[in-house]
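The lines below spell out each chain.
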Amino acid sequence: MAKQLVVGNWKLHGSIGQIKSVLGEIAQAKLQSNVGVCVPFPYLMLAKQLLHNTHVQCGAQDLSQYHIGAYTGEVSSGMLADIGCEMVIVGHSERRRLFGETTEQAGVKMRAALDAGLFGIYCVGESAEQRREGRAEEVVAAQLQVLQQLPIGLYAVAYEPSWAVGSGMVASSEQISPMHALIKSQLDERVKVLYGGSVKSNNAESILGVKHVDGVLVGGAALSAFEFVEICKAAR
Ligand code: PEP
């Protein structure tokens, strides 16, 4: 089985029909690699059924920082674990940028996820402006602070420069490799570090070949079974 991890993020996309068709095809592909798909909450149980008997894991795209109580609209880590969800994305740039999620909140969510036995995928990354100002490393280092006390092996970090997410612009190997090395040096060499930002079937092989890249987090291309399976096949 490939060591590199490929995770799909469906974001706010999908319907019962689309989930059945795309995940049905992914199930048929009999992937031998480390793969996860993070679908919207309402489709998680359907995704579990469709991917039953495959190596593909199911994940959520967010979770509550709270475990239980009067928090209308929230979904807890315990609920996700209860329905068989295996992983969860935390601190995605869209949650930080559009919904004001702070690094502190993302840290609490990571703790909640790991406590419930979920594998956490913690997203970090700088904006275009922060990179222009030469602050990319400083921004990512600050976002990593909340992971310091968490047990290695129970989570991965996804380096997703926000300017590369959904934009069609891919970070260069000269930008990716040193940032992944920095993340590992700040946490632990064994932490899996994924790259995310406009990964497609036609660039997956070269991105997965970059030094210190342990996998990819895929947004738009995860909505196409063909694209996603091709990306999974590029994992080593
Ligand atoms: C993402 O949603 O995490 C992502 C990287 O999106 P895209 O692949 O579309 O850039």
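Looking up the protein in an unreviewed UniProt entry gives the name Triosephosphate isomerase, with the organism given as Deefgea chitinilytica. Here the protein is described in UniProt, under the heading Subcellular location (unreviewed entry), as follows: "Cytoplasm". As stated in UniProt under Sequence similarities (unreviewed entry), the record for the protein gives "Belongs to the triosephosphate isomerase family."

Now for the overall build of the protein. Along its length, the protein carries 10 helices and 8 strands. Expected size for 236 residues packed as a compact globule is a radius of gyration near 18 Å; at 16 Å, the protein falls within 12% of this value. With the principal axes as the frame, the protein shows a C-alpha extent of 45 × 45 × 30 Å. Taking all 236 residues of the protein together, 45% fall into the buried category. Taking as baseline every contact in the protein between residues at least 6 positions apart, the subset at least 24 positions apart corresponds to 71%.

Here we come to the packing of helix α1 (residues 16-28) against helix α10 (residues 225-234). Interhelical geometry of α1 versus α10 gives an angle of 30° and a closest axis separation of 9 Å. The handedness of the crossing between α1 and α10 is right-handed. Note on element contacts: α10 touches α1 through Ala 225, Phe 228 and Val 229, opposite Val 22, Glu 25 and Ile 26. Here the residues of the contact of α1 with α10 are counted per class, giving 5 nonpolar, no polar and 1 charged.

What follows is about the UniProt feature "active site" (unreviewed entry) in the protein. In the UniProt entry, the feature "active site" (unreviewed entry) is given for His 92 and Glu 160. Annotated residues spanning 69 residues; largest pairwise C-alpha distance 8.3 Å, indicating a single compact cluster. Relative to the elements of secondary structure, His 92 occurs in the loop between β4 (87-90) and α4 (93-99). The residues touching His 92, leaving out its near neighbours within four places in the chain, are Gln 61 and Cys 123. By secondary structure assignment, the location of Glu 160 is in the loop between β6 (155-159) and α8 (173-186). Once residues within four sequence positions are removed from consideration, Glu 160 is found in contact with Ser 93, Cys 123, Gly 125, Val 165, Gly 196, Gly 197 and Leu 217.

This next bit is on helix α2 (residues 44-51). Residues spaced three or four apart along an α-helix point in a common direction, a consequence of the helix completing one turn every 3.6 residues. What α2 keeps buried is the set Leu 44, Ala 47 and Leu 50. Down the axis, α2 shows its buried residues gathered within 120° of arc, on one side only. For α2, the secondary structure elements touched by its buried residues are α1, β2 (34-38) and β3 (57-60).

Of the two faces of β4, the one holding Met 87 and Ile 89 and the one holding Val 88 and Val 90 are both buried throughout. Pairing analysis gives 2 bridges linking β3 to β4, with the strands arranged parallel. Across the sheet, the residue bridging to Gly 59 is Met 87, located in β4. For the segment spanning β3, helix α3 (residues 77-82) and β4, crossover handedness is right-handed.

Before going further, it helps to examine the sheet that holds β6. Spatial strand order, β1-β2-β3-β4-β5-β6-β7-β8: 8 strands in a closed barrel with parallel pairing. For this sheet the average axis-to-axis angle between neighbouring strands, irrespective of direction, equals 25°.

A few words on the site of the ligand. Neighbouring the ligand are 14 residues, the closest being Asn 9, Gly 166, Gly 196, Gly 219 and Gly 220. Tallied by class, residues from the shell around the ligand come to 5 nonpolar, 7 polar and 2 charged.

With that settled, consider unusual backbone geometry. For Asn 53, which is not glycine, the phi torsion reads 70° and is therefore positive. Tracing the backbone through its elements, the reader meets Asn 53 in the loop between α2 and β3. For Asn 53, a count of 8 C-beta atoms within 10 Å translates into the label exposed. Here Ser 198, not a glycine, exhibits a phi torsion of approximately 60°, which is positive. Tracing the sequence through the fold places Ser 198 in the loop between β7 (192-196) and α9 (204-208).

Attention now goes to the environment of Ala 225. Note on placement: Ala 225 falls in helix α10. The exposure class of Ala 225 is partly exposed, given the 17 C-beta atoms found within 10 Å. Among residues more than four places away in sequence, those in contact with Ala 225 are Val 22, Glu 25 and Ile 26.

Take α10 next. Inspection of α10 places Glu 227, Phe 228, Val 229, Ile 231, Cys 232 and Ala 234 among the buried residues, and these make up the whole buried set. Tucked into the core, α10 has its buried residues touching β1 (5-9), α1, β2, α9 and β8 (215-218).

Procedures and definitions
- Residues numbered from 1 in each chain as written.
- Predicted model: local features only at pLDDT ≥ 70, side-chain atom pairs only at ≥ 80, totals over all residues.
- UniProt positions renumbered as here; feature names shortened; annotations may be inferred.
- Helix = DSSP H or I, 4+ residues; strand = E, 2+ residues; numbered from the N terminus.
- Rg over C-alpha atoms; globule rule 2.2 N^0.38 Å.
- Buried ≥ 20, exposed ≤ 12 C-beta atoms within 10 Å, placed from the backbone.
- Contact = placed C-beta atoms within 7 Å.
- Axes fitted to C-alpha atoms, helices over the stretch in contact; angles between N-to-C directions.
- Left-handed = near helix turned anticlockwise from the far one by under 90°.
- Nonpolar A, V, L, I, M, F, W, Y, C, P; charged D, E, K, R; others polar.
- Arc of directions from axis to C-beta.
- Pairing = 2+ DSSP bridges.
- Right-handed = clockwise from strand over helix to strand, strands pointing away.
- Near = placed C-beta within 6 Å.

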